[in-house]
Amino acid sequence: MALLNTRRNFIANTGKAGAGLWIGSTLLSSCSVSKKSSSNKLSTGFQQQPLPYSYSALNEAIDGTTMEIHYTKHAASYASNLQDAAKNEGVDMNKPLEEVLNRISKYSTKMRNNGGGHYNHELFWKSMSPSGPEKPSGKLSTAIDESFGSFEAFKTQYSDAGKNRFGSGWAWLIIDKDKRLRIGSTPNQDNPLMDVAETKGFPLLGLDVWEHAYYLRYQNKRADYITNWWKVVNWNFIQDRYQAAYS
Ligand SMILES: [Fe+2]
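Quick summary incoming for the structure in this document.

Basis of the calculations
Residues numbered from 1 in each chain as written. Predicted model: local features only at pLDDT ≥ 70, side-chain atom pairs only at ≥ 80, totals over all residues. Heavy atoms only, no water. Helix = DSSP H or I, 4+ residues; strand = E, 2+ residues; numbered from the N terminus. Contact = heavy atoms within 4.5 Å. Areas by Shrake-Rupley, 256 points an atom, 1.4 Å probe, with all protein chains shown as cover. Salt bridge = Lys/Arg side-chain N within 4 Å of Asp/Glu carboxyl O. Buried < 20%, exposed > 50% of the residue type's maximum accessible area, 1.4 Å probe, protein only. Pairing = 2+ DSSP bridges. Axes fitted to C-alpha atoms, helices over the stretch in contact; angles between N-to-C directions. Expected span 1.5 Å × (residues − 1). Bend = angle between axes of the 7 residues up to and from the residue. Polar contact = N/O pair within 3.5 Å; in protein donor to acceptor, adjacent residues only side chain to side chain.

1. Comments concerning the overall build of the protein
Of regular secondary structure, the protein possesses 10 helices and three strands. Secondary structure elements of the protein occur, N-terminal to C-terminal, as α-α-α-α-α-α-α-β-β-β-α-α-α. The contacts in the protein between residues at least 6 apart in sequence include a share of 70% that link residues at least 24 apart. Element-wise, carbon and sulfur atoms account for 47% of the exposed surface of the protein, whose accessible area totals about 11300 Å².

Structure, rendered in structure tokens:
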């Protein structure tokens, strides 16, 4: 229950005006983070946050063993290595991680891999839920229809971004500096906040297509993993994130 309350509070906080201002500032200043961002609930810290559900809660799409290893080993390691890199490179860990990601080319490869890895997984856990609507509604639904033609067309394009990512990486739905929705993908643990990213913007939804995310149940069948993953996307969270980013 405590975890669920944490999740509700997080989602509720994403609707605050300050969040929108920060995101708007981020988008309008080429993804640079304003000095006010340290108090923003949409920003990401350097510590791993509690998983907002049990390891087996998403079994419809991802088995509990995979979730447990993914969260306690892979993601925990990114957080630990990020903190190590931050100490070595003089980064103030009281500031948002986004400030580092926006200027990742100025830091080490260790910071890039683990800063991205930590940020991406923190978003990934919150982007899934064992319950909730099967598709977006409201302003996000309208924006998806306008940008991609339909929700089904969006799913196909996004799924293709994940299927076609060679090796390990992520598929993304982002809002860019012109407040347009775009689909992209990044290799390894890169993400669209990074100054080195091919497609830059604010990430609304990320899909982990590293084999560690699906191999126990799906083996080499990444496409089957992606098909089932849609069943557990937390559209309430993504909608709140979009509306905060758009304001
Ligand atoms: Fe992962």
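This is not the end of the story, as more comes after the structure.
2. Things to note about the pattern of salt bridges
Inspection of the entire model under this criterion finds seven salt bridges. Its salt-bridge partner being Asp 84, residue Lys 110 comes within 2.4 Å of it at the nearest N-O pair. Residue Lys 110 is located in helix α5 (residues 109-126), and its partner Asp 84 is located in helix α3 (residues 64-88); the two are separated by 26 residues in the primary sequence. Among the ionic pairs, Arg 180 bridges to Asp 178, the shortest N-O distance being 3.7 Å. You can call Asp 178 partly exposed: its relative accessible area is 45%. Linked through salt bridges whose partners overlap, the residues forming this network are Asp 176, Lys 177, Asp 178, Arg 180 and Arg 182.

3. Regarding the environment of Gly 115
Examined against the element boundaries, Gly 115 turns out to sit in helix α5. On the accessibility criterion, Gly 115 (1% relative accessible area) is buried. Here the alpha-carbon distance between Gly 115 and Asp 190, two residues 75 residues apart in the chain, equals 8.7 Å. When sequence neighbours within four positions are dropped, the list of residues in contact with Gly 115 reads Leu 82, Leu 97, Leu 101 and Lys 110.

4. Quick look at the pairing of strand β1 (residues 169-175)
By the criterion of burial, β1 is predominantly enclosed, with seven of the seven residues buried. Because side chains alternate across β1, one face comprises the buried residues Gly 169, Ala 171, Leu 173 and Ile 175, and the other comprises Trp 170, Trp 172 and Ile 174, equally buried. In the sheet, β1 pairs with strand β2 (residues 181-187) via seven bridges, with the strands oriented antiparallel. Bridging across to β2, Ile 174 finds its partner in Arg 182. Hairpin connection of β1 to β2: five residues between the antiparallel strands, including Lys 179 at a positive phi of 65°. Strand direction decides the pairing type here: β1 and strand β3 (residues 202-208), joined by six bridges, are antiparallel.

5. Thoughts on the sheet that holds β2
Sheet strands pair via backbone hydrogen bonds, and the direction of the pair is either parallel or antiparallel. Read from one edge of the open sheet, three strands run β2-β1-β3, paired in antiparallel fashion. The strands lining the two open edges of the sheet, one partner per strand, are β2 and β3. Between one strand and the next, the sheet's axes are offset by a mean angle of 25°, whatever the strand orientation.

6. Re α3
Since the α-helix turns once every 3.6 residues, residues separated by three or four places project in the same direction. Relative to the 36 Å expected for 25 residues at 1.5 Å per residue, α3 spans 35 Å between its end C-alpha atoms, a close match to the ideal helical length. The largest bend along α3 reaches roughly 35° and is located at His 70. For α3, every residue scored as buried is listed here: Gly 64, Thr 66, Met 67, His 70, Tyr 71, Ala 75, Tyr 78, Ala 79, Leu 82, Gln 83, Ala 85 and Ala 86. Contact partners of the buried residues in α3: α4 (97-101), α5, β3 and α8 (215-218). One side-chain oxygen of the residue at the start of α3 lies 3.2 Å from the amide nitrogen of Thr 65, identifying that residue as Asp 63. Gly 90 lies just past α3 and shows a positive phi near 70°.

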